[in-house]
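Here are the chains, one letter per residue:
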Amino acid sequence: MTVVERLLKYVTYGTQSSEETGVTPSTPGQRTFAEALVKELRELGMDDISIDDHSYVMATLPSNVDAELPVVGFISHLDTSPDMSGDGVKPRVVAYRGGDIVLKNEGQHIVLSPSMFPEMGNYVGEDLIVTGGTTLLGADDKAGIAAIVSAMAYLKAHPEIKHGTVRVGFTPDEEIGQGADHFDVRKFGCDWAYTVDGGAVGELEYENFNAAVAKIMFKGLNVHPGTAKGKMVNAAHLAIQFASWLPARERPEHTEGYEGFFHLIGMEGEVENASLTYIIRDHSRQLFEEKKHLLEELVKRSNEICPGSTSIEMRDQYYNMREVVESNMSIVDLASEAMEAVGVKPLIQPIRGGTDGARLSFMGLPCPNLFTGGHNFHGRYEYIPVRSLQKSMETVVKIVELIANKQIHNKSKS
């Protein structure tokens, strides 16, 4: 089975995660997919295959050299985003010749267009895997799983490629920020790992946002509007006022690169009760803490205007893995060298988001992020070029090969 055939098969599993269930995995489809992967890993002849009660899958490709080498891991996640349905995904491969791609033309006209996504122009003449227009594709992160499993299959089929012990891991619920909750780093047993969960071909990331979520709650007082003067406190208006105090230029739609933001992801409101839910992001730990402090100060300001009206619940979600990986930059250099060896130009840049690798790095497993090749994740316009997916798989193989070659070469010199 090729890496493309694997992806086309994997995306048919409905694995959309949910923040509402309170269990791990958060949806039963993830367990179904995990069990299918266990079966496939057994058929490939992998060792030490395990699946725990929370659907974390791990397996080993044993070393084929008589030398002590570092153990490297590759990790991807089972779930797809709650932002759009991942059930009934109908992928298709399109020979792209430029212009628009009609995803759906029955009932509604849905088009994947370079006028919206100009980077499509980079893939003229290539095959693209696209959606049917009513679901996401699920390349985030089933492309990562396809690349990892295909790399293991390739190494099994080519024993002439020398390699040390390789571990693979597939996690549930990454999209809802819980992918590392029950990950057993000691059981995984790696010196370091890579998440294969990035975007466009060549992306190599070891910096991500520091992240927090905050819910600001407003309590009002409702009386008949005809006799409300001097009595009514409208919680919805308090929420609107609070939102207006935050810097407008620090919203996602106005930021890029290393710039952080406040992102309003939910709001509810009536006269007596209202709430605003924000995610807070910044690559700089100092600026991240300043953003959280600003929210707390604005809550105080709201309470000065209307005593006892406003409260906040805030919690950190993850931190910038650079704090950990920066002292292990050789693992980033190794991935960069592997990409160049398979004909890919490395694009080392910060993630404007997070991966399981961010939390795993702080759990003792340094874990940069490698590309899968996909674009426009979490929506109907998601697509992935076939060549980019193939290069993701080749990069995994080359990393493993380089580790062995470097170690064996260094020992022979000594």
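Residues numbered from 1 in each chain as written. Predicted model: local features only at pLDDT ≥ 70, side-chain atom pairs only at ≥ 80, totals over all residues. Heavy atoms only, no water.

Q: Outline the layout of surface pockets, supporting the account with residue identities and numerical values.
A: Approximately 1700 Å³ is the volume attributed to the largest pocket. Along the wall of the largest pocket there are 46 residues; nearest its centre are Glu175, Ile279, Arg281, Tyr318 and His378. Mapped onto the lining of the largest pocket, the elements with two or more residues apiece are strand 9 (192-198), strand 10 (203-205), strand 11 (210-219), strand 12 (261-269), strand 13 (273-282), strand 14 (310-318) and helix 9 (356-362). A total of five residues in the lining of the largest pocket trace back to one element, the largest contributor, which is strand 14. Residues belonging to the lining of the largest pocket are distributed by class as follows: 15 nonpolar, 16 polar and 15 charged. (1 Å grid on protein atoms, 1.4 Å probe; cavity = no way out; pocket = protein on both sides within 12 Å on 5 of 7 lines; lining within 4 Å. Points joined across faces, edges and corners; volume = space filled by probe spheres on them. Helix = DSSP H or I, 4+ residues; strand = E, 2+ residues; numbered from the N terminus. Nonpolar A, V, L, I, M, F, W, Y, C, P; charged D, E, K, R; others polar.)

Q: Would you mind going over the packing of helix 1 (residues 3-10) against helix 3 (residues 139-157) in detail, with residue names and values included?
A: Between helix 1 and helix 3, whose axes approach to 9 Å, the crossing angle comes to 140°. In terms of orientation, helix 1 lies oblique with respect to helix 3. As for the relative orientation of helix 1 and helix 3, their crossing is right-handed in sense. Within the contact between the two elements, helix 1 uses Val3, Arg6, Leu7 and Tyr10 and helix 3 uses Ala139, Lys142, Ala143, Ile145, Ala146, Ala147, Val149, Ser150 and Ala153. Tallied by class, the residues present in the contact of helix 1 with helix 3 amount to 10 nonpolar, one polar and two charged. (Axes fitted to C-alpha atoms, helices over the stretch in contact; angles between N-to-C directions. Parallel < 35°, antiparallel > 145°, perpendicular 65-115°, else oblique. Left-handed = near helix turned anticlockwise from the far one by under 90°. Contact = heavy atoms within 4.5 Å.)

Q: For the sheet that holds strand 9, give the residues involved together with the corresponding values.
A: With respect to topology, eight strands assemble into an open sheet ordered 1-2-8-3-9-16-10-15, the strand pairing being mixed. Edge strands, defined here as strands with exactly one partner in the open sheet, are strand 1 (47-51) and strand 15 (347-348). Taken together, the four bridges between strand 3 (residues 72-77) and strand 9 define a ladder with parallel strand orientation. Among the inter-strand pairings, Phe74 is bridged to a residue of strand 9, identified as Tyr194. This element, helix 3, spans strand 2 (57-61), strand 3, strand 8 (166-171) and strand 9 of the sheet and lies at about 145° to strand 3. (Pairing = 2+ DSSP bridges.)

Q: An account of the environment of Gly198 is requested, with residue identities and associated values reported.
A: Counting through the fold element by element, Gly198 comes out in strand 9. Ignoring sequence-local partners within four residues, the contact set of Gly198 consists of Glu203, Glu205, Asn369, Leu370, Phe371, Thr372, Gly373 and Phe377.

Q: Describe the pattern of salt bridges, with residues and values.
A: Enumeration over the complete set of coordinates arrives at 15 salt bridges. For the salt bridge of Glu326 with Arg322, the shortest nitrogen-to-oxygen distance reads 2.8 Å. Taking the relative accessible area as the measure of exposure, Arg322 reaches 29% and is therefore partly exposed. A salt bridge links Glu401 to Lys398; the nearest nitrogen and oxygen atoms lie 3.1 Å apart. Here the residue Glu401 and the residue Lys398 both occupy positions in helix 10 (residues 386-413), the gap between them amounting to three residues, near one helical turn. A single salt-bridge network, built from bridges that share partners, covers Glu207, Arg322 and Glu326. (Salt bridge = Lys/Arg side-chain N within 4 Å of Asp/Glu carboxyl O. Buried < 20%, exposed > 50% of the residue type's maximum accessible area, 1.4 Å probe, protein only.)

Q: I'd love a proper account of the sheet that holds strand 17 (residues 383-385), names of residues and values included.
A: Pairing within the open sheet is antiparallel, and its three strands lie in the order 4-7-17. Only two strands of the sheet have a single partner each, and these edge strands are strand 4 (92-95) and strand 17. Between one strand axis and the next, the sheet turns by 30° as a mean value, whatever way the strands run.

These results come straight from atomic positions and should not be treated as a statement about function.
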